[in-house]
Amino acid sequence: MRRLSLTTALSLAAFFTVSPSFAAPDQGAPPAAAPSLQADPLKPGKPAVKPYLAEGALPDPLRILPPPPAHLSPLDNADHAAFTNTRALKGSARWNLAANDVAEGAAAVLENFACVLGVRIDQGKVPVTLNLLERARLDLAHMTRIPKVHYRRLRPFVGNESPICVQRTQALADSFSYPSGHATQGWAYALIMAALVPEKSTAILARGRAYGESRVVCGVHWLSDVAAGRTNGSSTFAALMGDAGFRADLDKARAEMRAALTQGGTAPDAGLCTREAEALREPPFEF
């Protein structure tokens, strides 16, 4: 797949011939709002003891993030082009990685970074790290929920039968798209992991970027949702770094991770890591 620049994306939007099975969403009229606020399933999962930040200590995502692209604007056309173009990845190594990246949460992120770290961390040996990630997840969920509910943007697969890498459910269709919660969490977790294992920071951040982009490949988020998710994750991480409790836990988790990596553990599946490396050789998406 070639690099998806804005020029390429807009050209695709205008000239890409779409087969019936890969039909793009109808752009003839602005989409209706998602059915109900109560239908939004975004939840922080099994809650940790408490988030790190009080509500007033969190940045305001509505002031930090731009609105989603306006209907039929250049970036909206680029979003549709990216969705249409990536449907052709179904069955590829990149598609399979996107399906694997659907898993989220503290335990999943350690598995997702196993190939990067070179070892599958025994999660029983890193309770401080898991608690750090799960508490931060509550802050990330709050930062994501606010713009999702405010903008109520529909997901790209709604209103068409294009393939996606997960099962279509009404709950997923009724949830909101902007910004991507996975991209928010994935990028913030990558920043945290890079702080915990700084010698692996380049590979960790590259994997965190790809984790967010998997949502575009999967067909469940627009490209601009993912871009906004990275900004959202970065702003949340910046706020967390201003919290003394988070910094103290970060220092403890760094020591814990260093000990776990020194002790070693189960090597990640070599075939899986080869397939992951193959998938990640694709150039990153960009506007």
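A few points on the structure. In this text, all values refer to a predicted model and were calculated from it rather than measured experimentally.

Thoughts on the state of the cysteines
Piece 1. Counted according to the given criterion, the structure contains 2 disulfides.
Piece 2. With a sulfur-sulfur separation of 2.1 Å, Cys 115 is cross-linked through a disulfide to Cys 273. Every disulfide takes its handedness from the sign of the S-S torsion; for Cys 115 and Cys 273 that torsion is -90°, giving left-handed. Placement of the pair is Cys 115 in helix H6 (residues 114-117) and Cys 273 in helix H13 (residues 270-280), with a sequence separation of 158 residues.
Piece 3. Owing to a relative accessible area of 19%, Cys 273 belongs among the buried residues under this scheme.
Piece 4. Shown here is the disulfide that connects Cys 165 with Cys 218, its sulfur atoms set 1.8 Å apart. Disulfide Cys 165 to Cys 218: torsion about the S-S bond roughly -80°, handedness left-handed. One end of the pair, Cys 165, is in the loop between helix H7 (127-151) and helix H8 (170-174); the other, Cys 218, is in helix H10 (residues 201-218), with 53 residues separating them in the sequence. Each of the two residues, Cys 165 as well as Cys 218, counts as buried.
Piece 5. Bonded cysteines in the protein chain are paired 1-4, 2-3 when counted in the order they occur along the chain.

Structural notes on the side chain of Thr 86
Piece 1. Mapped onto the elements of the fold, Thr 86 is located in helix H3 (residues 74-86).
Piece 2. Within the structure, Thr 86 has its side chain in polar contact with the backbone oxygen of Ala 82 (distance 2.7 Å).

Notes on the packing of H7 against helix H9 (residues 181-196)
Piece 1. Contact pair H7 / H9: the axes reach a minimum separation of 9 Å and the direction vectors enclose 145°. In terms of crossing hand, the pair formed by H7 and H9 is right-handed. Between H7 and H9, the contacting residues are Thr 129, Leu 132, Leu 133, Glu 134, Ala 136, Arg 137, Leu 140, Thr 144 and Lys 148 on the first element and Gly 181, Thr 184, Gln 185, Ala 188, Tyr 189, Ile 192 and Leu 196 on the second.
Piece 2. Classifying every residue of the contact of H7 with H9 gives 8 nonpolar, 5 polar and 3 charged.

Some words on the nonpolar core
Piece 1. In terms of nonpolar packing, the biggest core is built from 37 residues, with Leu 117, Ile 192, Leu 196 and Ile 204 touching the most fellow members.
Piece 2. Breaking this core down by element, the ones donating at least two residues are helix H5 (106-112), H6, H7, H9, helix H11 (223-241) and helix H12 (244-263).
Piece 3. Examining the composition of this core, we find that 9 residues originate from one element, H9, more than from any other.
Piece 4. Leu 117 has contacts with Met 193, Val 197, Lys 200, Ile 204, Met 257 and Leu 261, leaving out every residue within four places of it along the chain.

Describing the packing of aromatic side chains
Piece 1. One pass over the structure, following the stated rule, counts 4 aromatic pairs.
Piece 2. When the ring of Tyr 52 is compared with that of Phe 246, the centres are 5.2 Å apart and the planes differ by 90°; the resulting orientation is edge-to-face. With Tyr 52 in the loop between helix H1 (6-15) and helix H2 (61-64) and Phe 246 in helix H12, this residue pair connects regions lying 194 residues apart in the sequence.
Piece 3. Against the face of Tyr 52 rests Arg 135, its NZ or CZ located 3.9 Å from the ring centre.

Calculation rules
Residues numbered from 1 in each chain as written. Predicted model: local features only at pLDDT ≥ 70, side-chain atom pairs only at ≥ 80, totals over all residues. Heavy atoms only, no water. Disulfide = S-S within 2.5 Å. Helix = DSSP H or I, 4+ residues; strand = E, 2+ residues; numbered from the N terminus. Buried < 20%, exposed > 50% of the residue type's maximum accessible area, 1.4 Å probe, protein only. Polar contact = N/O pair within 3.5 Å; in protein donor to acceptor, adjacent residues only side chain to side chain. Axes fitted to C-alpha atoms, helices over the stretch in contact; angles between N-to-C directions. Left-handed = near helix turned anticlockwise from the far one by under 90°. Contact = heavy atoms within 4.5 Å. Nonpolar A, V, L, I, M, F, W, Y, C, P; charged D, E, K, R; others polar. Core = buried A, V, L, I, M, F, W, Y, C linked by side-chain atoms within 4.5 Å. Phe/Tyr/Trp six-rings, centres within 6.5 Å; stacked < 30°, edge-to-face > 60°. Lys NZ or Arg CZ within 6 Å of the ring centre and 35° of its normal.

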